[in-house]
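A closer look at the structure
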Amino acid sequence: MTVADVLLLGLGAVAVGAGLCVVTTAHLVRAGLYLVVCLGALAGMFLVLTAELVAWVQVLIYVGAVVVLLLFAVMLTRAPIGASGDLDRPGWPGLLVGAGAGLGLAALFVDAYRWTSVSLPDGPDGPGSAGVLGGELFRSWVLPFEVLSVLLLAALVGAIIVSRPDVGASDRGAER
Amino acid sequence: MTTDFQLPAIDYQAISPLLILFGVACLGVLVEAFVPRPARRRVQLGMALVGVLAALGAVVLLAGTNVVTAGGSVTVDGPALFMQGALLAFGVVALLLIGERRVEPGGAFVAQPAITVGSEADQRQASAPGATEVFPLAMFSLGGMALFIAASDLLTMFIALELLSLPLYLMCALARRHRLISQEAAVKYFLLGAYASGFFLFGVVLAYGYAGSVDLAAIHAAVDTSQMNPALLYAALALIVMGLLFKTAAAPFHVWAPDVYQGAPTPITAFMAACTKVAAFGALLRVTYVAFERLAWDWLPVIGVIAVLTMLVGAVLAVTQTDLKRLLAYSSIANAGFVLVGVLAVGRTGASSAMFYLVAYGFAVLGAFAVISLVRDREGETTHLSRWAGLGRRSPLVAGVFTVVMLALAGIPLTGGFTAKFAVFSAALEVGEGWLVIAGVVSSVIIAFPYLRVVVMMWLSEPSESTATMVAPGLLTGTALGIGALAVVGLGVVPGPVLDLAHDAALFLR
Amino acid sequence: MLSQAPTLADFGHDTWWVIIIKVLAAFVFGVVMTLLGVWFERRMIGWMQVRPGPNRAGPFGLLQTLADGLKMAFKEDLRPRGSDRLVFLIAPCISAVCALTALAVIPFGPIVSIFGERTPLQVTDVPVAVLVLLAVSALSVYGVVLGGWASGSPYPLLGGLRASAQMISYEVTMGLAVVTVFMLAGSMSTSEIVAAQASNPELSIGGATLAVPGWYVLLLLPTFVIFAISAVGETNRLPFDLPEAESELVAGFMTEYSSLKFALFMLSEYIHMVVASAVITTLFLAGWRAPWPVSVWDGANQGWWPLLWFMGKVVLVMFVFVWLRATLPRLRYDQFMRLGWKVLIPLALGWVLVLGGTRVAQVSDLSRSEQLWLGGAVAAVLLLAVLFWPARRQPSRPSPAEQVAARPPGSFPLPPLDLQVPPSPQARRAVAAKRTAASGRSEAEPAVKRPLEGRAGTDPEGGEQDG
């Protein structure tokens with residue numbers, strides 16, 4: 001076992017454990033914090049796999065922005081400290097389905113890959129480097145990439161129309 | 001600095017329908033920002049219609065193209081163009097319904113869905129003009145659907161899936177009347193849709209693990225050559241197909257459909273029923289025929305069972321419904337089963353029959369929802385069956401159109417529904433899938449009952465106190481109704497041209 | 001002689017003790033700069049406000065911050081009862097750790113020799129070092145947000161909410177602004193960005209070539225302005241210190257903190273300022289490279305000298321931070337958000353577009369005059385658009401009298417607008433007492449109600465009808 005193997009195993013365990021905590025904890029804000037740990041561990045795995053750009057973008061976007069917005073929403077609404085009693089606790093069906101799917105997929109992966117090893121890319125121009133990623137993004141993935149920006153625009157428009165409170169109020173005020 | 005960057009070769013003409021749709025959608029966002037409020041609806045509606053018609057024209061001009069372009073992420077071939085054409089035709093009709101403001105003052109959409117239902121501010125906006133953002137949202141969704149059909153790798157397909165779904169979730173929440181069930185529908189659709197997207201994405205990951213690529217053609221090649229464990233491939237196939245079957249509303253992934261169809265504003269329900277179905281089946285056809293064709297003997301029985309289940313569940317539950325929108329939702333589930341029968345007849349005939357079925361079903365269901373949007377009382381649309389009793393005596397013309405549409409859905413000869421069912425079943429018989437045909441015929445008989453019951457109620461009951469009134473259709477709804485009825489009858493009387501077109505187009509490019 | 005400027009290949013080869021020395025040095029730099037920074041800020045503000053500032057502890061009051069720190073350590077450590085114990089403790093630690101981590105990728109100088117080991121004067125560098133800076137500053141939001149939430153009381157919660165919205169908004173701006181730096185430098189590594197500013201691009205104007213200094217503050221002036229504004233927003237300093245606005249929120253997210261935890265928050269705030277100054281220095285002021293008159297001397301960019309230039313620039317930027325604080329009042333929250341989303345982000349986006357367009361025009365095979373024509377055409381269109389943009393008609397502001405008349409019936413009564421002095425309260429009370437006596441109420445009741453009514457209504461008639 002190399003250092004990379006140990007790191008990957010450790011980070012993977014952290015990610016899975018934190019993920020379990022996210023769905024089992026009754027503390028709303030702590031669930032968000034476990035999510036941070038989970039995503040952070042994922043970023044760590046990217047780092048181990050020498051995909052530096054992806055790792056730091058993961059930290060920047062998911063840990064630094066998405067979960068913060070999530071916490072923001074929680075705090076805007078109730079900001080509970082301590083356990084929330086009215087949450088859906090994971091019942092037997094949930095446990096059964098979740099564990100079944102998780103273990104099934106894990107077994108599938110273990111069986112599919114066994115002891116297959118992939119050598120980590122070496123040097124500054126590995127597949128995870130900014131230059132290679134940028135080239136791929138603008139060469140073979142250019143259309144999906146642009147469509148993704150259209151998707152985000154649609155999401156933005158949608159977020160505004162479902163949440164705006166007083167459309168036309170200022171216009172009416174001006175008319176008056 | 002790297003200056004040796006090579007730009008990818010993009011056949012801009014081949015993807016021009018997509019570019020037109022996305023461009024008009026983005027322009028629509030700008031219109032929201034800069035055009036004064038009173039003129040907005042007209043500008044938006046006009047622009048959206050012109051955009052869709054232009055895209056339709058581009059599709060027609062492209063007929064016969066067979067090309068993979070944009071860095072290998074889009075395939076423009078016969079099925080893609082045929083279904084894009086169908087999609088855009090449905091899109092025009094759906095946009096007409098969305099743009100209607102005569103029937104319901106202010107349109108079927110509300111301007112501020114976030115206001116507490118029943119509050120003072122809510123009552124104030126009851127008669128105010130509705131949100132015009134639905135036009136760009138519908139265009140985004142249409143663009144996503146057009147890309148979904150033509151995507152030639154799973155990642156592009158996933159992005160297109162999100163792009164088509166997200167605006168749909170949003171538009172479901174914008175109903176002017178019955179706002180609580182509209183919002184409930186949106187949340188249900190969103191949560192279950194996100195779940196299905198998760199399935200799809202996980203399937204993509206497993207397919208990548210097996211083939212080392214997300215390209216459909218590469219997966220097809222890897223089925224024979226890859227050294228990986230085939231369990232990965234089967235799991236990938238199962239998860240991807242699950243994600244797609246969710247969008248087609250096939251049992252057991254249909255549970256969202258009745259609630260969402262009932263809660264969404266009727267024009268959006270029409271849009272969903274016609275366009276989403278085309279897009280989802282387009283992608284399903286492409287995935288199963290292009291990437292996993294060599295596994296056909298493995299997935300045929302499983303999807304066959306799903307098809308039978310879908311048809312029976314849809315048909316049997318449709319019989320018990322008393323709400324017309326729910327009835328049509330279950331009918332759409334049953335119809336998804338019929339299309340699946342066509343999909344299962346793997347080959348050119350199967351694909352062409354499924355595509356023809358989608359066209360026939362789409363026009364019929366658009367017509368049906370157009371009529372539903374007209375039958376109202378003071379509270380808005382009245383979709384309970386008992387309120388429709390005797391409608392035929394009061395407004396025979398629109399009731400007549402509805403009767404034709406219902407007969408088409410029931411599959412009575414001389415309507416598009418009959419031709420479509422005939423095409424699908426004969427395609428299945430051709431490849432020896434008799435059991436599917438038997439199940440199909442049985443469920444057609446079952447589901448004919450609720451349709452005919454509506455027709456009988458409309459014409460043979462006496463109008464009473466509780467009979468709803470039929471609002472005179474405005475120009476837009478009238479046009480939509482006309483197109484729907486004409487297409488339904490036309491596809492039944494002279495199906496030849498469209499059948500030939502579907503047959504010519506039904507070859508996938510790998 | 002080897003090139004003194006380190007490249008990415010120079011990193012990652014240090015022996016373990018060099019690494020430890022460099023890490024410790026960066027840490028000590030952060031802490032010492034905080035101690036000095038607080039003193040510097042207080043002295044500077046004192047100077048600007050024509051008062052001495054701290055001048056008792058040590059020479060020039062230099063030890064004042066140290067004394068304050070010691071005092072804080074001996075204070076009682078309070079924790080509110082409704083707070084979340086664990087998160088309450090972790091939050092300040094997150095703040096301090098994130099602030100310090102950013103120092104790891106700041107280049108302090110060129111390759112130097114430490115006890116015979118040749119090593120770059122920078123803890124480490126990665127190909128995406130600026131992203132690391134952004135990511136770490138994104139993480140530092142957690143300290144503020146969680147600190148505010150875990151305190152379990154309203155003011156800190158409001159402060160935390162404001163902080164999260166503010167930092168996310170300004171991160172977007174910051175990220176968009178540095179894109180232009182990446183475009184020009186062709187790299188995201190801090191040491192290479194510094195190296196890229198060493199070259200002096202030549203500009204040919206009418207045949208004569210002119211060497212322009214390569215500092216990005218000149219080449220990318222709009223970026224610099226946008227980045228500097230958002231850096232102030234990101235560090236929560238005046239005029240953007242809304243999360244702790246003391247006149248509105250007491251001290252925002254820090255309200256419930258005391259003792260060493262509070263000290264950690266203070267520490268991280270000042271380290272943030274130091275880091276922001278260092279980042280601005282690195283990205284726009286050519287980092288450790290000697291400024292113009294000094295750079296004539298060949299030895300200026302070699303050995304340990306660059307550390308001096310670096311420190312000088314950092315202190316200069318910090319002075320601007322202090323200057324801003326002494327000059328500008330705090331923005332209102334909505335103004336602040338509007339500035340971020342409606343001004344800075346569009347500006348940053350537009351600037352990226354302009355720079356990208358210029359770049360494309362340069363690479364394309366257009367001739368010089370064609371390029372000029374193209375640029376002129378774009379500029380003309382923009383100018384016309386700005387000039388002929390339909391101006392929004394400002395609705396005429398109604399006069400106060402009209403405003404009063406437009407109020408719906410039953411509104412809160414207003415004092416007279418002509419500034420007439422109302423009758424004295426005693427006189428009114430006498431009148432009111434007569435009336436209540438006349439309407440047969442007990443004496444005790446009006447005694448309690450009187451002050452309220454006196455405030456609510458200048459119109460005793462209305463009050464009487466309600467009763």
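Residues numbered from 1 in each chain as written. Chains lettered and ligands numbered in written order. Predicted model: local features only at pLDDT ≥ 70, side-chain atom pairs only at ≥ 80, totals over all residues.

1. Concerning the overall build of chain A
Assigned secondary structure in chain A consists of 7 helices and 0 strands. The N-to-C order of helical and strand elements in chain A reads α-α-α-α-α-α-α. (Helix = DSSP H or I, 4+ residues; strand = E, 2+ residues; numbered from the N terminus.)

2. Quick notes on the overall build of chain B
Within chain B, the secondary structure is distributed over 20 helices and 5 strands. Taken over C-alpha atoms, the radius of gyration comes to 22 Å for chain B, in line with the 24 Å a tight globule of 510 residues would show. Each of the three principal axes of chain B carries a C-alpha extent, and together these read 70 × 60 × 40 Å. Here chain B holds 510 residues, and the buried ones make up 60% of them. Taking all contacts inside chain B whose residues are at least 6 apart in sequence as the whole, residues at least 24 apart take part in 80%. (Rg over C-alpha atoms; globule rule 2.2 N^0.38 Å. Buried ≥ 20, exposed ≤ 12 C-beta atoms within 10 Å, placed from the backbone. Contact = placed C-beta atoms within 7 Å.)

3. Some remarks on the confidence of the model for chain A
For residues with low pLDDT, the predicted coordinates do not support detailed interpretation. In the predicted model, chain A carries a mean pLDDT of 81, and the fraction of residues at 70 or more is 89%. Counting interchain partners and residues more than four positions distant, the pLDDT-below-50 stretch residues 169–176 of chain A has 2 contacts. (pLDDT = per-residue confidence, 0-100.)

4. Describing the pairing of strand 2 (residues 117–121) of chain C
Residues and elements named next belong to chain C. Here strand 1 (residues 109–114) pairs with strand 2 via 5 bridges, running antiparallel. By the bridge assignment for strand 2, Ile114 is matched with Glu117. Connecting the antiparallel pair strand 1 and strand 2 is a turn made up of 2 residues, with Phe115 showing a positive phi of about 45°. (Pairing = 2+ DSSP bridges.)

5. Some words on the domain arrangement of chain A
One can read the domain layout of chain A as domain 1 (3–124) and domain 2 (129–166). Between the C-alpha centres of domain 1 of chain A and domain 2 of chain A there is a distance of 24 Å. (Domains from an automatic or database assignment.)

6. Quick word on unusual backbone geometry
With an omega of 0°, the peptide bond running from Ala251(B) to Pro252(B) counts as cis. Relative to the helices and strands, Pro252(B) resides in the loop between helix 9 (230–248) and helix 10 (256–263). Despite not being glycine, Thr50(A) shows a phi value in the positive range, around 65°. Relative to the helices and strands, Thr50(A) resides in the loop between helix 2 (28–48) and helix 3 (52–77). Even without being a glycine, Phe60(C) presents a positive backbone phi close to 55°. With respect to the element layout, Phe60(C) can be found in the loop between helix 1 (16–48) and helix 2 (64–73). Of the residues examined, Phe60(C) has 14 C-beta atoms within 10 Å and is grouped as partly exposed.

7. Some remarks on the interface of chain A and chain C
Of the residues lining the interface, 22 residues belong to chain A; the matching set on chain C comes to 25 residues. Sorting elements by how many residues they give to the side of chain A that touches chain C places helix 3 of chain A first, with 15 residues. The residue inventory of the side of chain A that touches chain C, partitioned by class, reads 19 nonpolar, 2 polar and 1 charged. (Nonpolar A, V, L, I, M, F, W, Y, C, P; charged D, E, K, R; others polar.)

8. A word on helix 13 (residues 305–327) of chain C
All names here are of chain C. Between its terminal C-alpha atoms helix 13 stretches 34 Å, which fits the 33 Å expected from 23 residues at 1.5 Å a residue. Among the residues of helix 13, Pro306, Trp309, Phe310, Lys313, Val314, Val317, Met318, Phe321 and Val322 are the ones counted as buried. As for helix 13, its buried residues are in contact with helix 1, strand 1 and helix 11 (259–284). (Expected span 1.5 Å × (residues − 1).)

9. Re the interface of chain B and chain A
Residue-level contacts link 40 residues of chain B with 28 residues of chain A. Residue assignment for the side of chain B that touches chain A shows that the elements contributing at least two residues are helix 1 (16–34), helix 5 (134–150), helix 6 (154–172) and helix 9 of chain B. Sort the elements by how many residues they give to the side of chain B that touches chain A and helix 6 of chain B lands first, with 9 residues. For the side of chain B that touches chain A, the residue count by class is 28 nonpolar, 9 polar and 3 charged.

10. Details of helix 14 (residues 333–363) of chain C
Residue and element names in this part refer to chain C. Here helix 14 spans 44 Å end to end across 31 residues, near enough to the 45 Å set by a 1.5 Å rise per residue. Considering bend angle alone, the principal kink of helix 14 is centred on Leu344 and spans about 30°; proline Pro346 follows within four residues of it. Buried residues belonging to helix 14 abut helix 6 (154–185) and helix 9 (221–234). (Bend = angle between axes of the 7 residues up to and from the residue.)

11. Some remarks on the sheet that holds strand 5 (residues 469–470) of chain B
Residue and element names in this part refer to chain B. Spatially, the 3 strands line up as an open sheet ordered 4-3-5, and their pairing is antiparallel. Lying at the two open borders of the sheet, with one neighbouring strand each, are strand 4 (380–381) and strand 5. Pairing analysis gives 2 bridges linking strand 3 (residues 375–377) to strand 4, with the strands arranged antiparallel. Bridge pairing links Asp377 to Gly380 in strand 4.

12. Looking at the environment of Ile446(B)
The residue Ile446(B) is located in helix 18 (residues 434–460) in this model. Sequence spacing of Ile446(B) and Ala250(B) is 196 residues, and the spatial spacing of their C-alpha atoms is 18 Å.

13. Looking at the packing of helix 6 (residues 142–163) of chain A against helix 5 of chain B
The contact between helix 6 of chain A and helix 5 of chain B brings their axes to 10 Å, and the two run at 150°. Judged on the interaxial angle alone, helix 5 of chain B and helix 6 of chain A are roughly antiparallel. For the crossing formed where helix 6 of chain A meets helix 5 of chain B, the hand is left-handed. Across the interface between the two elements, Val147(A), Val150(A), Ala154(A), Val157(A) and Gly158(A) from helix 6 of chain A touch Pro136(B), Leu137(B), Phe140(B) and Leu147(B) from helix 5 of chain B. (Axes fitted to C-alpha atoms, helices over the stretch in contact; angles between N-to-C directions. Parallel < 35°, antiparallel > 145°, perpendicular 65-115°, else oblique. Left-handed = near helix turned anticlockwise from the far one by under 90°.)

14. Observations concerning the packing of helix 3 (residues 78–99) of chain B against helix 11 (residues 266–291) of chain B
Residues and elements named next belong to chain B. As a packed pair, helix 3 and helix 11 sit with axes 9 Å apart at the nearest point and diverge in direction by 170°. For the element pair helix 3 / helix 11, the angle class is roughly antiparallel. Where helix 3 approaches helix 11, its residues Pro79, Met83, Ala86, Leu87, Phe90, Gly91, Ala94, Leu97 and Ile98 are matched on the opposing element by Pro267, Ala270, Phe271, Ala274, Cys275, Val278, Ala279, Gly282 and Leu285. Counted by class, the contact of helix 3 with helix 11 contains 16 nonpolar, 2 polar and no charged residues.

15. Overview of the environment of Leu89(C)
Residue and element names in this part refer to chain C. Relative to the helices and strands, Leu89 resides in helix 3 (residues 85–101). With 15 C-beta atoms packed within 10 Å, Leu89 lands in the partly exposed category. Each C-alpha atom of the pair Leu89 and Tyr257 lies 9.7 Å from the other, and the pair is 168 residues apart in sequence.

16. Quick word on the confidence of the model for chain B
On average, residues of chain B score 87 in pLDDT, and 99% of them are at 70 or above. For this predicted complex, the interface confidence score (ipTM) comes to 0.86, while the overall pTM stands at 0.85.

17. Let's talk about the environment of Gly490(B)
Residue and element names in this part refer to chain B. Here Gly490 lies in helix 19 (residues 475–493). With 15 C-beta atoms counted inside 10 Å, the residue Gly490 sits in the partly exposed group. C-alpha of Gly490 to C-alpha of Ile438: the two residues are 52 residues apart in sequence and 27 Å apart in space.

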